[in-house]
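Residues per chain, in single letters:
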Amino acid sequence: MAIASARPGTIVLGAYGAVFRTTDGGETWSASELPGPAAMVYALAVSSDGGRVYAGTLTRGLNRSDDGGVTWVRSPELLGVTSIALDPTNEARVYFARYVNAAPPLGGIFASTDAGEHWTHSAPFPHQPSKACHFVTFDAGGTAYALAQVYPVREERPGVWVELKLSPAEQISAGPIGVDPRRPGVLYVPTRGVYASIDRGEHWRLTGLADRDLRMVTVSPADPRVVYVSDGESLFRTDPAGGRSA
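Here the structure is a predicted model, which means the values were calculated and not measured. (Residues numbered from 1 in each chain as written. Predicted model: local features only at pLDDT ≥ 70, side-chain atom pairs only at ≥ 80, totals over all residues. Heavy atoms only, no water.)

1. Points about the overall build of the protein chain
When helices and strands are counted, the protein chain shows 0 helices and 23 strands. A globule of 246 residues ought to have a C-alpha radius of gyration of about 18 Å, and the protein chain, at 18 Å, matches this closely. Going through the 246 residues of the protein chain one by one, you find that 50% of them count as buried. The long-range fraction of contacts in the protein chain, counting pairs at least 24 apart against all pairs at least 6 apart in sequence, stands at 36%. When the accessible surface of the protein chain is summed, it comes to about 11,800 Å², and 52% of that surface belongs to carbon and sulfur atoms. The distance from the centre of the 22 positive side-chain charges to the centre of the 25 negative ones in the protein chain is 3 Å. (Helix = DSSP H or I, 4+ residues; strand = E, 2+ residues; numbered from the N terminus. Rg over C-alpha atoms; globule rule 2.2 N^0.38 Å. Buried < 20%, exposed > 50% of the residue type's maximum accessible area, 1.4 Å probe, protein only. Contact = heavy atoms within 4.5 Å. Areas by Shrake-Rupley, 256 points an atom, 1.4 Å probe, with all protein chains shown as cover. Lys, Arg positive; Asp, Glu negative; His and termini not counted. Charge placed at Lys NZ, Arg CZ, Asp CG, Glu CD.)

Here is the structure:
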């Protein structure tokens, strides 16, 4: 699911061979079939105004719509799409994460600076160059972050990535990175607990839930002080007044 940030009532939802769209916050929905053989939509992204939508699959390519999800153009060669992200400072800059078992066997990040007209492979990563990548995102300032296998990385300049070490003493695997939608460089990473950084991942601190193996994190766009995390069984959130809530 993806939500148009400037039009919160516009939501797109991926399904098998189709994308569903609402412009009234879910009161009514319309469906549009994706071109080519049907496949499950694995990743979605939508522009802030809802006009451009990207829908990625593992086996049937990447699809783009320039009319809000009514009609689609498919790029069948762009396989293995696991995550799609738009730079909030320049929405013509689009990245997608690619799973290694796609053909040809080239994982990592693919980048476009012209809204998906052309793509270049963005690599290598510090760990296992050109291998699987499961997630990509941008912070509020346009810096890109990804998971190389299960290790968080940051793009220093186009195609050059550095590892973000959560602990100087050991290499820690992590889940998808959460970004503050308003403050560039403010990051949250779920792992054994929640790690936070305010300097683009240069330094980290464990903020809590060290007794939980966490998998997901998201930051409230309405109030970035509220951060939600989950271990797959329970949902937790920060309490701006102090403490945590379950």
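From this point on, the discussion continues.
2. Topic: the sheet that holds strand 1 (residues 2-3)
In spatial order, the strands read 1-2-3-4; together these 4 strands make up an open sheet with antiparallel pairing. Only two strands of the sheet have a single partner each, and these edge strands are strand 1 and strand 4 (30-33). Two strands pair when backbone bridges link them, and strand 3 (residues 18-22) and strand 4 are joined in this way by 4 bridges, in the antiparallel orientation. Each residue of the ladder has a partner; that of V19, found in strand 4, is S32. (Pairing = 2+ DSSP bridges.)

3. Structural notes on the pairing of strand 21 (residues 227-230)
Sheet analysis places strand 20 (residues 216-219) next to strand 21, joined by 4 bridges and oriented antiparallel. The partner of V219 across the bridge, within strand 21, is V227. Linking strand 21 to strand 22 (residues 235-238), which pair antiparallel, is a turn of 4 residues; within it G232 sits at a positive phi near 95°.

4. Section: a nonpolar patch on the surface
Together, M1, I3, L13, F20 and W29 make up an exposed nonpolar region whose accessible area comes to about 500 Å². Considering the arrangement of structural elements, one finds F20 in strand 3. We classify F20 as partly exposed; its relative accessible area is 33%. (Patch = residues over 30% accessible without salt bridge, like charges linked within 9 Å, V, L, I, M, F, W, Y side chains within 5 Å. Salt bridge = Lys/Arg side-chain N within 4 Å of Asp/Glu carboxyl O.)

5. Side note on the confidence of the model for the protein chain
Predicted confidence across the protein chain gives a mean pLDDT of 89, with 90% of residues reaching 70 or more. Strand 23 (residues 244-245) is the least confidently modelled element of the protein chain, averaging 52 in pLDDT, while strand 7 (residues 62-65) averages 97, the highest of any element. (pLDDT = per-residue confidence, 0-100.)

6. Some details on the pattern of salt bridges
This structure, assessed with the given rule, holds 13 salt bridges. Ionic pairing is found between E163 and K165, a salt bridge with its closest N-O pair at 3.6 Å. The exposure class assigned to K165 is partly exposed, which follows from its relative accessible area of 49%. When the shortest N-O distance is used, the salt bridge between R225 and D223 registers 3.0 Å. A relative accessible area of 22% places D223 in the partly exposed class. Taken together, the shared-partner salt bridges in this structure form one network comprising R52, R64, D66 and E117.

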